[in-house]
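Fold and contact review
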Amino acid sequence: MFLEKGFLPTNKFWMYLVGSLIIFVASTIGQLPLVIGILIKSFKTGKPFPRTETDVMTFLSLNTTLFLLLFSFAVAFVAIVLVIKYFHKQTVLSVTTSREKVDWKRVFFSFSLWAIFTVASTLLMVYLSPADFVYNFKPIPFLILAIIGIALIPIQTSTEEYVFRGYLMQGFAVLTKNRWFPLVMTSVIFGTMHIANPEVEKMGYIVLVYYIGTGFFLGIITLMDEGMELALGFHAANNLVGALLITSDWSAFQTNSIFKDVSEPSAGFEILVPIFIIFPLLLFIFSKKYNWTNWKEKLTGTIRIEVIEPIQNTENNE
């Protein structure tokens, strides 16, 4: 069982707090190249240091900014591996899945399913509302974007999954000995971590409903499938295909994508459709393909850990 993998005799909840701090510090250190790059350009050009996240994303070239931004996740990912192996004395596999090895077929199925949906829905939006989009394709910048994206975006999304659906999910399970609290806490934290995104500034806090809802979806498929493979594939497809296909002046990733959304953003029906229609449909597809059962127990049940008592020597030693 996936959550039970964190129940080692030496694992205590305070260790997850310390481990999270180590990962956060590593991520902050990983952001230094971006800060240094901005400082150098600011010094050379005399432009003031950008104050908003949107200004930061456009201060350097888009591909340079994307590379440096994703680099911080690579540093954080290394920290995650080190914390798991040397602080918690666990294998990375034990924080990935309950299976004997990572099921890459699950990763690629989830990736393919969501990538196909993302491409199809994006092209449909462009077709139905052509005035809201401009053709943004430039061969060389797009090729560079594709190389950066394919190399680093899966690392970025995997870093987030290992933190929330792996490391912290098991950590909160160690704390509470149940399944619902890790699901709720990791989903809410995951959602609120996006509060600084430009989309939230542009459309309001209602956008957090989408992020928290996505956290719940990823947490549910992790618990039901007893591993992160489906979540890893979905998240990678969501960010990679999105970065290659479409950008806007108010998105977290501003890229040299194929299309640019020039419409005025609004948070309405499009925020609720994924949460109440698309994600439930995906849950149905996954449940049928992988024969999920016992939903209530897997999502809300108590975790029972068998404690093996030491064998007592009953023989009398004369």
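In this report, the structure presented in the accompanying data block is examined. The shown structure was predicted, so the numbers you read here are calculated from the model rather than taken from an experiment.

**Digging into unusual backbone geometry**
In this structure, Glu226 is a non-glycine residue whose phi angle is positive, near 60°. Relative to the elements of secondary structure, Glu226 occurs in the loop between α9 (208-225) and α10 (229-245). What makes Glu226 buried here is its relative accessible area of 9%. A positive phi angle, close to 60°, is found at Asn294, a residue other than glycine. Of note, Asn294 is situated in the loop between α11 (269-290) and α12 (295-300).

**Some points on the nonpolar core**
Of all hydrophobic cores here, the largest spans 50 residues; its most connected members are Ile23, Phe217, Ile221, Phe279, Leu282, Phe286 and Trp292. Among the secondary structure elements, those contributing two or more residues to this core are α1 (13-30), α4 (62-87), α5 (104-128), α6 (139-176), α7 (180-192), α9, α10 and α11. In this structure, Phe286 is in contact with Phe109, Ser110, Leu113, Phe217, Ile221, Leu230, Asn291 and Trp292, ignoring residues within four places of it in sequence. With twelve residues, the next largest nonpolar core counts Phe142, Leu145, Ile148 and Ile153 among its residues.

**A word on α7**
Over its 13 residues, α7 runs 18 Å from end to end, which matches the ideal 18 Å to within 8%, given 1.5 Å per residue. Every buried residue belonging to α7 is among Pro182, Leu183, Thr186, Ser187, Phe190 and Gly191, and all of these are buried. Viewed end-on, α7 has its buried residues packed into an arc of 145°, placing them on one side of the element. Here the buried face of α7 lies against α6, α9, α10 and α12.

**Remarks on the sheet that holds strand β3 (residues 259-261)**
The sheet built from three strands is open, its strands ordered β1-β3-β2 with mixed pairing. Each having just a single partner strand, β1 (133-135) and β2 (246-248) make up the two edges of the open sheet. Ignoring strand direction, the axes of neighbouring strands in this sheet form an average angle of 30°. Here β2 runs beside β3; their pairing, made up of three bridges, is parallel. Directly across from Ser248, in β3, lies its bridge partner Asp261.

Procedures and definitions
- Residues numbered from 1 in each chain as written.
- Predicted model: local features only at pLDDT ≥ 70, side-chain atom pairs only at ≥ 80, totals over all residues.
- Heavy atoms only, no water.
- Helix = DSSP H or I, 4+ residues; strand = E, 2+ residues; numbered from the N terminus.
- Buried < 20%, exposed > 50% of the residue type's maximum accessible area, 1.4 Å probe, protein only.
- Core = buried A, V, L, I, M, F, W, Y, C linked by side-chain atoms within 4.5 Å.
- Contact = heavy atoms within 4.5 Å.
- Expected span 1.5 Å × (residues − 1).
- Arc of directions from axis to C-beta.
- Pairing = 2+ DSSP bridges.
- Axes fitted to C-alpha atoms, helices over the stretch in contact; angles between N-to-C directions.

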